[in-house]
Amino acid sequence: LRFLPDETPPTAAAASSTPVKERATIRLGSSGADVQTWTTYLHANYSYGVRVQPGQYFGADTEVATRTFQANCKIGVDGVVGPKTWAAAETRGLT
């Protein structure tokens with residue numbers, strides 16, 4: 001790849017499966033601020049036809065949407081939002 005002088009090449013972190021921001025591993029039944037972040041992100045960007053409601057509880061609809069997100073990102077599909085899922089979301093606009 002060639003980069004123009006004012007362009008910055010992608011960092012190794014951007015291609016990593018480690019999220020930039022430290023976040024909890026969340027799953028069905030989890031609650032808290034990271035669940036709020038995840039459900040808000042899914043609701044706004046990737047609800048996949050299920051009713052993901054932003055909130056601090058990780059319910060069954062969030063798990064279905066999470067599994068679909070993981071499959072579309074070609075990462076392990078387990079319905080658990082861990083480092084690889086957070087990193088995939090960050091490369092797709094999660095802040």
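Undergrad: Mind showing me how you'd approach the pattern of salt bridges here?
TA: Enumeration according to the criterion identifies two salt bridges in this entry. For Arg23, the salt bridge is made with Glu90, and the minimal N-O distance between the two is 3.4 Å. You can see Arg23 sitting in the segment before helix 1 (33-45) and its partner Glu90 sitting in helix 3 (residues 83-90), a full 67 residues away along the chain. Residue classification places Arg23 among the buried residues on the basis of a relative accessible area of 12%. Here Glu63 ties to Arg67 by a salt bridge, and the two come within 3.8 Å at their closest N and O atoms. Here Arg67 and Glu63 lie together in helix 2 (residues 60-72), a separation of four residues that amounts to about one turn. A relative accessible area of 21% means that Glu63 is categorised as partly exposed.

Undergrad: Please explain helix 3 as it appears in this structure.
TA: Note on helix geometry: an α-helix contains 3.6 residues per turn, so any two residues three or four positions apart are oriented the same way. With six of eight residues buried, helix 3 is to be regarded as a mostly interior element. Buried within helix 3 we find Thr85, Trp86, Ala87, Ala88, Ala89 and Glu90. Contacts made by the buried residues of helix 3 are with helix 1 and helix 2.

Undergrad: Any chance you could explain unusual backbone geometry here in plain terms?
TA: For residues other than glycine, phi is negative in most cases, and the peptide bonds are mostly trans. You will see that Lys74, though not glycine, has its phi angle at about 60 degrees, which is positive. Tracing the backbone shows Lys74 in the loop between helix 2 and helix 3.

Undergrad: How should I be thinking about the confidence of the model for the protein in this particular structure?
TA: Should the pLDDT be low somewhere, the predicted coordinates at that spot are not to be read in detail. Per-residue pLDDT for the protein has a mean of 85; in total, 83% of the residues score no lower than 70. Within the model, pLDDT remains below 50 along residues 1-15, and this stretch shows six contacts once partners closer than five positions in the same chain are excluded.

Undergrad: It is not clear to me how the nonpolar core should be interpreted in this structure. Could you clarify?
TA: Side chains of a nonpolar character, in soluble globular proteins, are inclined to be buried together. Among the nonpolar cores identified, the biggest contains 15 residues, and Ile26, Trp38 and Phe69 are the most heavily contacted of them. At the level of secondary structure, the elements contributing two or more residues to this core comprise helix 1, helix 2 and helix 3. Considering every element that reaches this core, the biggest residue donor is helix 1, with four residues. Those residues within four positions of Phe69 in sequence are excluded, and the remaining contacts are Trp38, Tyr41, Leu42, Tyr46, Tyr48, Thr85, Ala88, Ala89 and Arg92.

What counts and how
- Residues numbered from 1 in each chain as written.
- Predicted model: local features only at pLDDT ≥ 70, side-chain atom pairs only at ≥ 80, totals over all residues.
- Heavy atoms only, no water.
- Salt bridge = Lys/Arg side-chain N within 4 Å of Asp/Glu carboxyl O.
- Helix = DSSP H or I, 4+ residues; strand = E, 2+ residues; numbered from the N terminus.
- Buried < 20%, exposed > 50% of the residue type's maximum accessible area, 1.4 Å probe, protein only.
- Contact = heavy atoms within 4.5 Å.
- pLDDT = per-residue confidence, 0-100.
- Core = buried A, V, L, I, M, F, W, Y, C linked by side-chain atoms within 4.5 Å.

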